[in-house]
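Descriptive analysis of the structure
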Amino acid sequence: MKRRLTRENAAEAVLLPLAFFLIFVLPVLVGEAPPVLTASGLAGFVAAHMAGLGKRKNDAGPGTVTLEPLSTAHLPGLERLWSDPAVIRYTSIGEPCDAGAAAHRFYRLRSCQTALSGPVIFAVLRDGRFCGVAGCPPVDAEKGTFGLFYQLQRSVWGQGIGKTAARLALDELYRLAPSAVVYADAAAENTASVRILEHLGFARTAVHPGAFQRDGRALDIWEYTLRPDMKEEERL
């Protein structure tokens, strides 16, 4: 596949050879650097450039994000996830979980969906590897109300995986319950989650000042609602 020419690519095509000449070739020509130093520099130059290409590739997108029903096979990943203070910072999980606490939370999550005709809580996989959990557990299944949540490993933050996982979880819910009303909330300072909810079509319906207590701080909670006729364009 041909690489699309962009201003960035064109600048790279000019600047990289020029930098190579100035740093590694010119000093040898004027006798200011021995060839062995230049060879070492060349190796470093190539390695650094390849690392830069790799980073751009890794940052290019979220990879293949899929969901699969939560099972005991995901317990080790859940324990790692819920033991990270940064992951649980804005959640109802008060303390990092050990193996026992993670298992207890896992079984509670699984049990809340047993009365439904299908799963609504899932492991999030990136390219087939566990990276988090997402789902819509019932608030009141008889009334058709559910609550969206998602938690991801820090290693995949900022790559669009949260929005993709949340959207896939909503898709699964609406296949199961097309008329479901979905609630979600976020700490006002958790701008990443606020942005995801609003991109998914949620409307802010309430503000609860100081309702979230953590580390001696009282944070505002923003409450959101999504109804079937408010679904995000890309899911329609």
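Parameters and conventions
Residues numbered from 1 in each chain as written. Predicted model: local features only at pLDDT ≥ 70, side-chain atom pairs only at ≥ 80, totals over all residues. Heavy atoms only, no water. Helix = DSSP H or I, 4+ residues; strand = E, 2+ residues; numbered from the N terminus. Buried < 20%, exposed > 50% of the residue type's maximum accessible area, 1.4 Å probe, protein only. Contact = heavy atoms within 4.5 Å. Areas by Shrake-Rupley, 256 points an atom, 1.4 Å probe, with all protein chains shown as cover. Pairing = 2+ DSSP bridges. Axes fitted to C-alpha atoms, helices over the stretch in contact; angles between N-to-C directions. Expected span 1.5 Å × (residues − 1). Core = buried A, V, L, I, M, F, W, Y, C linked by side-chain atoms within 4.5 Å. pLDDT = per-residue confidence, 0-100. Polar contact = N/O pair within 3.5 Å; in protein donor to acceptor, adjacent residues only side chain to side chain.

Topic: the overall build of the chain
A count of helices and strands for the chain gives six helices and nine strands. Within the chain, the proportion of its 236 residues that are buried is 38%. Counting contacts in the chain only where the partners sit at least 6 residues apart, residues at least 24 apart contribute 61% of the total. Surface accessibility of the chain: about 13900 Å² in total, with carbon and sulfur atoms responsible for 57%.

Some remarks on the sheet that holds strand E8 (residues 203-214)
Within a beta sheet, neighbouring strands are joined by backbone hydrogen bonds and run either parallel or antiparallel to one another. Taken together, five strands build an open sheet; the order of strands is E4-E5-E7-E9-E8 and the sheet is mixed. Since the sheet does not close on itself, it has two edges, and those belong to strand E4 (138-140) and E8, each with one partner. Sheet twist, expressed as the mean angle between neighbouring strand axes with direction ignored, is 30°. Looking at chain direction, strand E7 (residues 181-187) and strand E9 (residues 217-226) are connected through six bridges and run antiparallel.

Focus: the pairing of E9
Across eight bridges, the pairing between E8 and E9 is antiparallel. Along E9, the bridge assignment pairs Gln-213 with Ala-218.

So, helix H5 (residues 161-176)
Spacing of three or four residues puts side chains on the same side of an α-helix, whose turn is 3.6 residues. For H5, spanning 16 residues, the distance from its first C-alpha to its last is 23 Å, which sits close to the expected 22 Å at 1.5 Å a residue. Residues of H5 that are buried: Ile-161, Gly-162, Thr-164, Ala-165, Ala-166, Arg-167, Ala-169, Leu-170, Asp-171, Leu-173 and Tyr-174.

Considering the pairing of strand E6 (residues 149-152)
Every second residue of E6 is oriented toward a common face, with Phe-149 and Gln-151 on one face and Tyr-150 and Leu-152 on the other, all of them buried. With four bridges joining them, strand E3 (residues 129-135) and E6 adopt antiparallel strand pairing. Within E6, the position partnered with Val-133 by the bridge is Gln-151.

Brief notes about the nonpolar core
In this structure, Trp-82, Leu-148, Leu-170 and Phe-202 are the most contacted members of the largest nonpolar core, which totals 51 residues. Per-element accounting of this core gives the leading share, seven residues, to H5.

Regarding the confidence of the model for the chain
Chain-level statistics for the chain give a pLDDT mean of 81 and a share of 71% at 70 or above. Every residue in residues 1-11 scores below 50 in pLDDT, and together they form four contacts with partners more than four places removed in sequence or on other chains. Considering only residues more than four positions removed or in separate chains, one finds that residues 32-60, a stretch of pLDDT under 50, has 17 contacts.

Some points on the side chain of Thr-91
Positionally, Thr-91 belongs in the loop between helix H3 (75-82) and helix H4 (99-111). Residue classification places Thr-91 among the buried positions, given a relative accessible area of 14%. Only 3.1 Å separates the side chain of Thr-91 from the backbone nitrogen of Ile-93, close enough to count as a polar contact. Setting aside residues up to four positions removed in sequence, Thr-91 forms contacts with Gln-151, Phe-212 and Arg-214.

Looking at the environment of Val-207
If you trace the backbone, Val-207 turns up in strand E8. Note on Val-207: relative accessible area 43%, which makes it partly exposed. On a C-alpha basis, the gap between Val-207 and Ile-221 in space is 5.9 Å, while along the polypeptide they are 14 residues apart. With sequence-adjacent residues up to four places away left out, Val-207 is seen in contact with Ile-221 and Trp-222.

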